[in-house]
Amino acid sequence: MKKYINDFEIVYNLRLNKDYFILKLMCEDELPAILPAQFAEVKIEDSASTFLRRPISIHDVNYDKNTITLLIRLAGQGTSKLAEKKSGELVSLVYPLGNSFSLPIQDKVLLIGGGCGVAPMLYTAKYFMQFGFMPTLLLGYRDKESILRKEKFGKYGNVFYTTEDGSFGEKGTVIDHSLLNSEVFEFKRIYACGPEAMLKNVADKTRNKNVVCEVSLENMMACGIGACLCCVQNTVNGHRCVCTEGPVFNTKDIIW
Amino acid sequence: MVNLAIDFNGLKLKNPVLTASGTFGYGLEFADFVDLNKLGGFIVKGTTLKHREGNPYPRMAETASGMLNAVGLQNKGVDVFCNDIYPQIRNYKTNIIVNVSGSTIDEYVKTAERINQLENINAIELNISCPNVKEGGMAFGTSCTAAAEVIKAVRNVYHKHLMVKLSPNVTDIVSIAKTAEDNGADSVSLINTLLGMAIDIKTRKPKLSTITGGLSGPAIKPVAIRMVWQVAKAIRIPVCGIGGIMNADDAIEFILAGASCIQIGTANFIDPRTTTSVINGIELYCLKNGIKNINEIIGMI
C-alpha cells in the first residue's frame, strides 16, 4: 500500500475524560483506502522533551468528509502536546501504516479492546459492517466513568463491557467475561488490542480452541515504515517489524 | 544555476546529500516519499556475512532531541542482499553504497568480496563503529591497530570507493581517521552514534535490553561538527559528515566545518522527505549567498 505524508487540519479536539481525547482531522487530498488496525505516525511539534512521531491507531474514517479520527490516550509528554492543539491547526501524519486484521471474513468474530486498545475497534467494526454482518465487541475499562464513546460503538456492533470495579457490565477484565469463559465457544475469530498482559491472556484462552486469534501490538516505534527496525516483535519467524509486518500478528506466531 | 556536484575522491555525487545506514532501509522503504534518483546517494542497512537477528526488544528509547538505539545490526546477510535486494535497487540512478559490518576480519573481508562483484554498488561504507554488537563493530574502530588491520584487509579485496565510518567513542578521533587514510581508505564518514544510556525510573530498569545504546539526532550535532572539523583539517581524503542533521542549515554547517558530503539519518524518521528538502535548501542557500559551486564553501572554517 502506498504511504502518504499530509498536513491534516484539526476539525475538533475533544477531551473525553482525564485520560483520553479525540482529534478529528481533515485532509485536503482525497484519503486513500484505510484498513482496520492501520495507524498513523503523528508529528509532535514544539516539544523539547520528545523527538519522535507517535504511532496512533486509526479510530474512525469518513471518506465523504475526508476525515480521520484518532482516539488518543494522554500517555506522556508527546500526547500531552497533541492534546493542546486547537481546531484549525495542522498536524502532520504519515499514513496509512501497517497491515490489518485478516479480511474479509465470513466467520463469527469477536473484537476485544482493553483500555486504549478500544481505539482501532470502532473502525474495525464499521469496516466489517460493510461486509454485511454485525461483529460482537467486548470492551474492558477500569470503571463506568472510563467508558469511551459508548453510543458510537453501539452503532457498529453488539457491545459487551467489563469494568474492573463492576460499575458497568461484568466485573473484572475482558479475560473474565462470560463470552470467553462459556463451555460453548461461539466465535471463530478473535481480534484483540490492548495491554500486552491482556493480549497474552486472550491468546491463552483461545490456544486449544478452534479459533483464529489475531492481536494488534503497540511496540515502541521510531520510523513506522520499516527502516529503523526498532519496534520488532519476536516471532516464530524471528524478529518482525510491528510497523510493517504488524501491528497485527496471529498469536500462534508470537513468542511473548 | 548552482553546481551541487561533488567529486568525492572519485565517487561522483550529483549533490552532497546521502542517507545514513540503518535509517533508510534499502531505500525502497522511502520510495513513496522521496525520488531516490535525486539523491547524492543512499547507504543501505548494515550488512554482515551471515543473517543476524539483532538485539532483543526494547531496542529504542526516545531522548531529548534524539534517540538511543540498540538494533544490533539486524539484517538478512550478504547473500540475501545480493540475490533479493540488490536486483530491486540496482537501477536507481544514484550512488548505492553498502554499509559492511562484521564480528571478525574474515567476515568483513568475505562480505566486501561479495559486494565487490555487484556492478551497480559504487562504494562500501566500512562500519568499524557499531556500538550495539558484542563482538567486532566498535572494537575495530576504537583502536588504531585493530582499525588498520580490518581496513587493510578489506582494501585488498575491495576495488571501488572505500569509505570508513568512524566512532566518536574514542579519545582521539583524528588518529583513527589518519589510520584509515594510511591504510587505503578513500574517505571517512563520521560520526556514528555516541554510546549512551537511559533508565526508566518507574521500573528502575534500563530502557534498552542491552542497557547501553547509540545516541543519534540533533542532540549530538555539535559533537559531530567538532569532530568533522578536527578530522577534515588533519587528513587529505574527504570527509562525509553525519550527526543530527535535520535541515539544510545543519547540512551547511557540516560542509563549512569540512564535510564534502553529508548523511541524513535520524531525521528520516521525523520526516521521510528530509533528504529532498535538504537538497532544495542547500541550493537555495547557495543562490541567496551568491555561491555558484558548493565546493567553494567546503571547509571554510
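Residues numbered from 1 in each chain as written. Chains lettered and ligands numbered in written order. Predicted model: local features only at pLDDT ≥ 70, side-chain atom pairs only at ≥ 80, totals over all residues.

### Quick look at the overall build of chain B
Here's step 1: The helix and strand tally for chain B stands at 9 helices and 16 strands.
Here's step 2: Whereas a compact globule of 301 residues would reach a radius of gyration of roughly 19 Å, chain B reaches 18 Å, a difference of no more than 12%.
Here's step 3: Dimensions of chain B, computed from the C-alpha atoms along their principal axes, are close to 55 × 45 × 40 Å.
Here's step 4: Relative to its 301 residues, chain B shows a buried fraction of 58%.
Here's step 5: The long-range share in chain B, meaning contacts at least 24 apart out of those at least 6 apart in sequence, stands at 72%. (Helix = DSSP H or I, 4+ residues; strand = E, 2+ residues; numbered from the N terminus. Rg over C-alpha atoms; globule rule 2.2 N^0.38 Å. Buried ≥ 20, exposed ≤ 12 C-beta atoms within 10 Å, placed from the backbone. Contact = placed C-beta atoms within 7 Å.)

### A closer look at the domain arrangement of chain A
Interface extent is often summarised as the accessible area lost during association of the parts.
Residues and elements named next belong to chain A.
Here's step 1: According to the domain assignment, chain A contains domain 1 (4–97), domain 2 (109–216) and domain 3 (218–256).
Here's step 2: Taking only C-alpha atoms into account, the centre of domain 1 sits 24 Å from that of domain 2.
Here's step 3: At the junction of the two partners, domain 1 supplies 12 residues and domain 2 supplies 11 residues.
Here's step 4: If you list the elements that add at least two residues to the side of domain 1 that touches domain 2, you get strand 4 (54–62) and strand 5 (67–73).
Here's step 5: Sort the elements by how many residues they give to the side of domain 1 that touches domain 2 and strand 4 lands first, with 5 residues.
Here's step 6: Its residues assigned to classes, the side of domain 1 that touches domain 2 shows 7 nonpolar, 3 polar and 2 charged. (Domains from an automatic or database assignment. Nonpolar A, V, L, I, M, F, W, Y, C, P; charged D, E, K, R; others polar.)

### Focus on the interface of chain A and chain B
Here's step 1: With 26 residues of chain A in contact, the opposing surface of chain B contributes 27 residues.
Here's step 2: Among the elements that make up the side of chain A that touches chain B, the one with the highest residue count is strand 13 (residues 232–235) of chain A (3 residues).
Here's step 3: Here the side of chain A that touches chain B is built from residues that sort into 14 nonpolar, 8 polar and 4 charged.

### Notes on the sheet that holds strand 4 (residues 41–47) of chain B
Neighbouring strands of a sheet are bound in pairs by backbone hydrogen bonds; such pairs are parallel or else antiparallel.
Residues and elements named next belong to chain B.
Here's step 1: A sheet is described by the order of its strands in space; here 8 strands give the open sequence 3-16-15-10-9-8-7-4, paired in parallel fashion. Lying at the two open borders of the sheet, with one neighbouring strand each, are strand 3 (17–19) and strand 4. Going from strand to strand, the sheet's axes swing by 30° on average, the running direction of each strand aside.
Here's step 2: In this structure, strand 3 lies alongside strand 16 (residues 259–264), joined through 3 bridges in parallel fashion. Looking at strand 16, one finds that Leu18 is bridged to Gln263.
Here's step 3: Sitting on the sheet, helix 7 (residues 248–257) is in contact with strand 15 (239–242) and strand 16, with an inclination near 150° to strand 16.
Here's step 4: The strands that helix 9 (residues 274–288) touches are strand 3 and strand 16; relative to strand 3, the one it contacts most, it runs at about 165°. (Pairing = 2+ DSSP bridges. Axes fitted to C-alpha atoms, helices over the stretch in contact; angles between N-to-C directions.)

### Side note on the nonpolar core
Here's step 1: Ile124, Val188, Val228 and Ile262 of chain B are the most contacted members of the largest nonpolar core, which totals 177 residues.
Here's step 2: When residues no more than four places from it in sequence are discounted, the contact partners of Ile262 of chain B are Pro16, Val17, Leu18, Cys240, Gly241, Ile242, Ile245, Ala251, Phe254 and Ile255 of chain B. (Core = buried A, V, L, I, M, F, W, Y, C linked by C-beta atoms within 7 Å.)

### Looking at the environment of Thr251 of chain A
Here's step 1: Mapped onto the elements, Thr251 of chain A comes out in the segment after strand 15 (248–250).
Here's step 2: Along the primary structure Thr251 of chain A and Thr163 of chain A are separated by 88 residues, whereas in three dimensions their C-alpha atoms are 25 Å apart.

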